[in-house]
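One-letter residues, chain by chain:
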Amino acid sequence: MHLLRRNHQFEFRSPSGDDRHGSADLYSDAGATRAVLVLRGIPAAEAPRALACLNHSWLPYLLRADTSLLVLTLRPRADGEKARAVVLPLSA
């Protein structure tokens, strides 16, 4: 997997109607058949709306229509919690 875009800032609407901000990293394999989207700073309950926003505005320009997409959500860290890391595979 290699990085296509890092720290893409975007805005989406939460279920309560508030405008929220998040960031995304996009990784893809060499053949562009598989991709991993990492959403950061977005609560898990709001991740589907954030993904829908990216599906309409950003992802169609970077990925082919037949690309298989895996979405990971890194939730905001609460006080006293250990930092968590997601390890992405080095090769597809």
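To start, this report covers the structure provided alongside it. Everything quoted here is computed from the prediction, not taken from an experiment.

Focus on the sheet that holds strand β1 (residues 2–13)
In any sheet, the strands associate via hydrogen bonds between backbone groups, in a parallel or an antiparallel arrangement.
In step 1: In space, the 4 strands of this open sheet follow the order β1-β2-β3-β4, with mixed pairing throughout. Every other strand in the sheet has two partners, leaving β1 and β4 (68–74) as the edge strands with one partner each. The sheet shows a mean angle of 25° between the axes of neighbouring strands, direction not considered.
In step 2: Here strand β2 (residues 19–28) pairs with strand β3 (residues 34–40) via 6 bridges, running antiparallel.

Thoughts on unusual backbone geometry
In step 1: For Asn7, which is not a glycine, the phi torsion comes out positive at approximately 55°.
In step 2: Positionally, Asn7 belongs in strand β1.
In step 3: Looking at Asn7, the relative accessible area reads 38%, which means it is partly exposed.
In step 4: Look at Ala32: it is not a glycine, yet its phi comes out positive at around 60°.
In step 5: Structurally, the position occupied by Ala32 is in the loop between β2 and β3.

Thresholds applied
- Residues numbered from 1 in each chain as written.
- Predicted model: local features only at pLDDT ≥ 70, side-chain atom pairs only at ≥ 80, totals over all residues.
- Heavy atoms only, no water.
- Pairing = 2+ DSSP bridges.
- Helix = DSSP H or I, 4+ residues; strand = E, 2+ residues; numbered from the N terminus.
- Axes fitted to C-alpha atoms, helices over the stretch in contact; angles between N-to-C directions.
- Buried < 20%, exposed > 50% of the residue type's maximum accessible area, 1.4 Å probe, protein only.

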